[in-house]
Amino acid sequence: MLNIDMRKIYNFYPLDPAPEAGNLPTGGDLYYECLACAAVVNSVPHIKSACVCGNLQGGGGKLNLKDPALVRVVRGKLK
Ligand SMILES: [Zn+2]
């Protein structure tokens, strides 16, 4: 699996106000930060993606969340 530290490439800014756990937005510039393991995964991952602890797993444009309450939605901007 591709393993890049996204924080080296992007600055991440939490959405304000924070979206509800049951209704999280998706988008090419939106990323989900896993609050369990602190990994950041794109909300519409084109390549197979997963966070370290497995809470976020996806690929093919769809991300599955085991526990949406442990997700912070952040907007990524290239440094
Ligand atoms: Zn995780």
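What comes next is a walk through the structure. The structure presented is a predicted model; accordingly, all values stated were derived computationally and were not measured. (Residues numbered from 1 in each chain as written. Predicted model: local features only at pLDDT ≥ 70, side-chain atom pairs only at ≥ 80, totals over all residues. Heavy atoms only, no water.)

Let's talk about the nonpolar core
Turning to step 1, where the next piece is worked out: Among the nonpolar cores identified, the biggest contains 11 residues, and these are Leu 24, Leu 30, Tyr 32, Cys 34, Ala 39, Val 41, Cys 51, Leu 56, Leu 63, Val 71 and Val 73.
Turning to step 2, where the next piece is worked out: Where this core is concerned, the elements lending two or more residues are strand 2 (30–34) and strand 7 (71–78).
Turning to step 3, where the next piece is worked out: In terms of residue count, strand 2 provides more of this core than any other element does, three residues in total.
Turning to step 4, where the next piece is worked out: Non-local contacts of Cys 51, meaning those with residues more than four positions away in its chain, are made with Cys 34, Cys 37, Ala 39, Val 41 and Leu 56.
Turning to step 5, where the next piece is worked out: Counting six residues, the second-largest nonpolar core is a separate cluster that includes Tyr 10, Phe 12, Tyr 31 and Val 74. (Core = buried A, V, L, I, M, F, W, Y, C linked by side-chain atoms within 4.5 Å. Buried < 20%, exposed > 50% of the residue type's maximum accessible area, 1.4 Å probe, protein only. Helix = DSSP H or I, 4+ residues; strand = E, 2+ residues; numbered from the N terminus. Contact = heavy atoms within 4.5 Å.)

Structural notes on the coordination of the zinc ion
When four donors bind a metal tetrahedrally, each ideal donor-metal-donor angle is 109.5 degrees, and when six bind octahedrally, the ideal angles are 90 or 180 degrees.
Turning to step 1, where the next piece is worked out: Surrounding the zinc ion are the protein donor atoms Cys 34 (SG), Cys 37 (SG), Cys 51 (SG) and Cys 53 (SG), which sit 2.3 Å from the metal.
Turning to step 2, where the next piece is worked out: With four donor atoms in place around the zinc ion and angles of 104 to 116° between them, the coordination shape is tetrahedral.
Turning to step 3, where the next piece is worked out: Sequence spacing among the residues donating to the zinc ion works out to C-x2-C-x13-C-x1-C. Here Cys 53 lies in the loop between strand 4 (49–50) and strand 5 (56–59) and Cys 37 lies in the loop between strand 2 and strand 3 (40–42), a separation of 16 residues in the sequence. (Donors = N, O, S within 2.8 Å, 3.2 Å for Na, K, Ca; no water. Tetrahedral: all angles 85-135°; square planar, octahedral: opposite > 155°, others 65-115°.)

Section: the sheet that holds strand 3
Turning to step 1, where the next piece is worked out: With antiparallel pairing, four strands are arranged side by side in an open sheet as 1-7-2-3. Bordering the open sheet on either side are strand 1 (10–14) and strand 3, each of which pairs with just one other strand. On average, adjacent strands in this sheet sit at an angle of 40° to one another, irrespective of strand direction.
Turning to step 2, where the next piece is worked out: Sheet analysis places strand 1 next to strand 7, joined by five bridges and oriented antiparallel. Considered in strand 7, the bridge of Tyr 13 is made with Arg 75. (Pairing = 2+ DSSP bridges. Axes fitted to C-alpha atoms, helices over the stretch in contact; angles between N-to-C directions.)

Here's the deal with the sheet that holds strand 4
Turning to step 1, where the next piece is worked out: Strand order in this open sheet of three strands is 4-5-6, and the pairing throughout is antiparallel. Across the chains shown, the open sheet's two edge strands, defined by having one partner strand only, are strand 4 and strand 6 (62–65).

Comments concerning the pattern of salt bridges
Turning to step 1, where the next piece is worked out: For the structure on display, the rule yields three salt bridges.
Turning to step 2, where the next piece is worked out: Glu 33 is paired through a salt bridge with Arg 7; the nearest N and O atoms lie 3.4 Å apart. Of this pair, Glu 33 sits in strand 2 while Arg 7 sits in the segment before strand 1, placing them 26 residues apart in sequence.
Turning to step 3, where the next piece is worked out: A relative accessible area of 13% means that Glu 33 is categorised as buried. (Salt bridge = Lys/Arg side-chain N within 4 Å of Asp/Glu carboxyl O.)

In short, geometric facts, not functional conclusions.
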